[in-house]
Amino acid sequence: MCGNDGLQARSSFKGQTGTCNYGVLNTALTNCKTYVQNAMTFINANAYSGVKLKVIGNLYYPGYNADNVASSCKDATTGQTVNMRNTFLPYIAKMNYWMCAYAGQYGFQCTDNFAEYMGADYDSNGDGQVDSEP
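Report follows, based on the coordinates. No experiment lies behind these values; they were computed from the predicted model shown.

### Some remarks on the overall build of the protein chain
A tally of helices and strands in the protein chain yields four helices and five strands. Along the protein chain, helices and strands appear, N-terminal first, in the series α-β-α-β-β-β-α-β-α. When its C-alpha atoms are laid out on the principal axes, the protein chain stretches across 55 × 40 × 20 Å. Put simply, the protein chain has 134 residues, and 28% of those count as buried.

Written out as structure tokens, the structure is:
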């Protein structure tokens, strides 16, 4: 749910020129929250009574390094281009927060894909290998 909304908002934001419109990112966040909560409500209402485990996985950020570039649009307040990665990361973090917060409220477990997979995109010690590789 949240992944598709986030990817579509990311593509839309990347294609912007002129003044940046953060509305597409805010809409993606709102849709994520709404539909995750609705899905959990539906699952709880319709799940087999013997279900022992319900799990939701949050988002990771494919393209984290590729998004470390300036936007083609300019922020209305500063008049400057914005860093795409710095713009998208807080939205992904908010989506992930709500996915796991709702999981707790609705009896689901939350698998932290972000924490699990993001190490694969990062070389923390500068040895030329991403951290997930030996």
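Next comes the rest of the write-up.
### Thoughts on the layout of surface pockets
Space inside the largest pocket adds up to approximately 250 Å³. Contributing to the lining of the largest pocket are 15 residues, with Gly3, Gly6, Leu7, Leu59 and Ile92 lying nearest its centre. Those elements that provide at least two residues to the lining of the largest pocket are helix H1 (2-14), helix H2 (23-46) and helix H3 (84-106). Partitioning the lining of the largest pocket into residue classes produces 12 nonpolar, two polar and one charged.

Rules behind the numbers
Residues numbered from 1 in each chain as written. Predicted model: local features only at pLDDT ≥ 70, side-chain atom pairs only at ≥ 80, totals over all residues. Heavy atoms only, no water. Helix = DSSP H or I, 4+ residues; strand = E, 2+ residues; numbered from the N terminus. Buried < 20%, exposed > 50% of the residue type's maximum accessible area, 1.4 Å probe, protein only. 1 Å grid on protein atoms, 1.4 Å probe; cavity = no way out; pocket = protein on both sides within 12 Å on 5 of 7 lines; lining within 4 Å. Points joined across faces, edges and corners; volume = space filled by probe spheres on them. Nonpolar A, V, L, I, M, F, W, Y, C, P; charged D, E, K, R; others polar.

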